[in-house]
Amino acid sequence: MISEFSLFVFTTLAGAAAGGYAVRAAFPLDAQRRRPWLFACVCLVLLAVSGVALLAHLGHPERVLLAFRNFGAGIAQEGAVTLLFGAAVVADLVFCAARGASPRWLDVVAGVLGLVLACVMGLAYVANVGTPAWTGAGTVPLFVLGDVLMGAGLCAVFDRAALAGKAFRVCAAIVAVLACASMAAMAVRFAGLGFSAVPFAVGAAVALGAGALALAGARSGKAWMPGAFCACAVVGVAVARWAFYAAAVL
């Protein structure tokens, strides 16, 4: 078990939700899909669980009030943006449940907040000088690209026709390649500091597999392709992120 397991849970689950809304802002989900509220509901659950994990990291829930007194702290910035993003997700859930769809402006706002949250997560570790492995220039891309890749996987699952669109497939494959490159860069940095590069290599290989599945999605027409693409995206990012947090153990 890694010492920062609660942060791993927070950034992975909240990051998937944030990436999902960022992708959805660029590639709106099918307006005619069944249960249009389900995407927002799942993302809200991911945020709720990640919020509990973030509180667990503090040890005592009441400490969150002290954290918000210093907005220069990474955890305060993450908490504030998470609350704003969560409010946008709740609004989306209400609109989808009541009207079947959210207004386009809300999709864009939620997507922007999702990207901001992904960036804030990465920046929080760049500023952590106590762990030199985290302070490199590759940390923010590792988080942002990983979150967007997981988000593309979520969107593919909730909109089965997404992989049939050429633009979505190409963009998903490009993000997968870039996420793979960010993991490779972190592998080099970690290896130079005495850490194992193997988990990053594994994560990169699985992420690259997600890109291959995205490109092959339209040709195969298999019903399992969206799920496989999502699974590879999440597993690849999770393995690399686990390796990232493992640097805090030594």
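Residues numbered from 1 in each chain as written. Predicted model: local features only at pLDDT ≥ 70, side-chain atom pairs only at ≥ 80, totals over all residues. Heavy atoms only, no water.

Asker: Explanation requested: the state of the cysteines in the structure shown.
Answerer: Each disulfide is one covalent bond, formed between the sulfur atoms of two cysteines. Per the counting criterion, the structure on display carries 0 disulfides. Of all cysteine sulfurs in the structure, the one in Cys43 sits closest to Cys155, which takes part in no disulfide; the separation is 7.8 Å. Note on Cys155: relative accessible area 2%, which makes it buried. (Disulfide = S-S within 2.5 Å. Buried < 20%, exposed > 50% of the residue type's maximum accessible area, 1.4 Å probe, protein only.)

Asker: Help me out: how do you make sense of the nonpolar core in this one?
Answerer: Generally speaking, a soluble globular protein has its nonpolar side chains buried in company with each other. Grouped together as the largest cluster of nonpolar side chains are 73 residues, with contacts concentrated most on Phe85, Leu149, Phe168, Phe200, Phe229, Phe244 and Tyr245. Of all elements in the fold, only helix 1 (5–26), helix 2 (38–58), helix 4 (74–99), helix 5 (104–126), helix 6 (139–158), helix 7 (166–192), helix 8 (198–220) and helix 9 (225–246) reach the threshold of two or more residues within this core. Ranked by residue count, the leading element in this core is helix 6, at 12 residues. If we ignore the near neighbours within four places in the chain, the residues touching Leu149 are Ala172, Val175, Ala176, Ala179, Ala207, Phe229, Ala233 and Val237. (Core = buried A, V, L, I, M, F, W, Y, C linked by side-chain atoms within 4.5 Å. Helix = DSSP H or I, 4+ residues; strand = E, 2+ residues; numbered from the N terminus. Contact = heavy atoms within 4.5 Å.)

Asker: Sorry if this is basic, but what is going on with the packing of aromatic side chains here?
Answerer: One pair of aromatic rings is described through two measures. These are the centre distance and the angle between the planes. Scanning all chains against the criterion turns up 18 aromatic pairs. Ring geometry for Tyr21 against Phe39: centres 5.2 Å apart, planes inclined by 55 degrees, an arrangement best described as tilted. Note that Tyr21 is positioned in helix 1 and Phe39 in helix 2, a separation of 18 residues in sequence. Classification of Tyr21 by relative accessible area gives buried; the value is 1%. (Phe/Tyr/Trp six-rings, centres within 6.5 Å; stacked < 30°, edge-to-face > 60°.)

Asker: Whenever I open this one, a nonpolar patch on the surface confuses me. Can you help?
Answerer: On the surface, a nonpolar cluster with roughly 320 Å² of combined accessible area is contributed by Val170, Ile174, Leu178 and Leu215. Top contributing element to the nonpolar patch by residue count: helix 7, with 3 residues. (Patch = residues over 30% accessible without salt bridge, like charges linked within 9 Å, V, L, I, M, F, W, Y side chains within 5 Å. Areas by Shrake-Rupley, 256 points an atom, 1.4 Å probe, with all protein chains shown as cover. Salt bridge = Lys/Arg side-chain N within 4 Å of Asp/Glu carboxyl O.)

Asker: Hey, could you run me through the pattern of salt bridges in this one?
Answerer: Close approach of charged atoms allows side chains of opposite charge to pair. Counted according to the given criterion, the structure contains 4 salt bridges. Close ionic contact of Arg24 with Asp92 constitutes a salt bridge, the shortest N to O distance being 2.8 Å. Of this pair, Arg24 sits in helix 1 while Asp92 sits in helix 4, placing them 68 residues apart in sequence. Of the residues examined, Arg24 reaches a relative accessible area of 4% and is grouped as buried. Here Arg24 ties to Asp107 by a salt bridge, and the two come within 2.5 Å at their closest N and O atoms. Note that Arg24 is positioned in helix 1 and Asp107 in helix 5, a separation of 83 residues in sequence. When its relative accessible area of 9% is taken as the criterion, Asp107 is described as buried.

Asker: So what exactly am I meant to see when it comes to the packing of helix 6 against helix 9 here?
Answerer: A pair of packed helices can be characterised by two numbers: the angle between their axes and the separation between those axes. Axis separation between helix 6 and helix 9 bottoms out at 8 Å; the angle between their running directions is 155 degrees. The angle between helix 6 and helix 9 places the two elements in the roughly antiparallel class. As for the relative orientation of helix 6 and helix 9, their crossing is left-handed in sense. Side by side, helix 6 and helix 9 meet where Thr139, Leu142, Phe143, Gly146, Asp147, Leu149, Met150, Ala152, Gly153, Leu154, Ala156 and Val157 of the first sit next to Pro226, Gly227, Phe229, Cys230, Ala233, Val234, Val237, Arg241, Phe244 and Tyr245 of the second. Here the residues of the contact of helix 6 with helix 9 sort into 16 nonpolar, 4 polar and 2 charged. (Axes fitted to C-alpha atoms, helices over the stretch in contact; angles between N-to-C directions. Parallel < 35°, antiparallel > 145°, perpendicular 65-115°, else oblique. Left-handed = near helix turned anticlockwise from the far one by under 90°. Nonpolar A, V, L, I, M, F, W, Y, C, P; charged D, E, K, R; others polar.)

Asker: Whenever I open this one, the packing of helix 1 against helix 9 confuses me. Can you help?
Answerer: Taken N-terminus to C-terminus, the directions of helix 1 and helix 9 make an angle of 145 degrees; their axes are 10 Å apart at the nearest point. Between helix 1 and helix 9 lies a crossing whose hand is right-handed. On the side of helix 1, the interface is formed by Phe5, Leu7, Phe8, Thr11 and Thr12, while helix 9 contributes Ala238, Arg241, Trp242 and Tyr245. Among the residues making up the contact of helix 1 with helix 9, the classes are represented as 6 nonpolar, 2 polar and 1 charged.

Asker: Just checking my understanding: could you explain the environment of Phe5 for this structure?
Answerer: Within the secondary structure, Phe5 sits in helix 1. Sequence separation between Phe5 and Leu54 is 49 residues; the distance between their C-alpha atoms is 9.9 Å.

Asker: Can you walk me through helix 1 in this structure?
Answerer: An α-helical turn contains 3.6 residues, so a residue and the one three or four places further along point in the same direction. If you check helix 1, its first and last C-alpha atoms are 32 Å apart, about what 22 residues at 1.5 Å a residue would give, namely 32 Å. The element helix 1 is extensively covered by neighbouring structure, given that 19 of its 22 residues are classed as buried. (Expected span 1.5 Å × (residues − 1).)

Asker: Honestly, the environment of Val23 in this entry has me stumped. Any pointers?
Answerer: Mapped onto the elements, Val23 comes out in helix 1. Judged by relative accessible area, which is 8%, Val23 ranks as buried. Spatially, the C-alpha atom of Val23 lies 7.1 Å from that of Gly111, the residues being 88 residues apart in sequence. Leaving out residues up to four positions away in the same chain, Val23 has contacts with Val148, Gly151, Ala152, Cys155 and Phe168.

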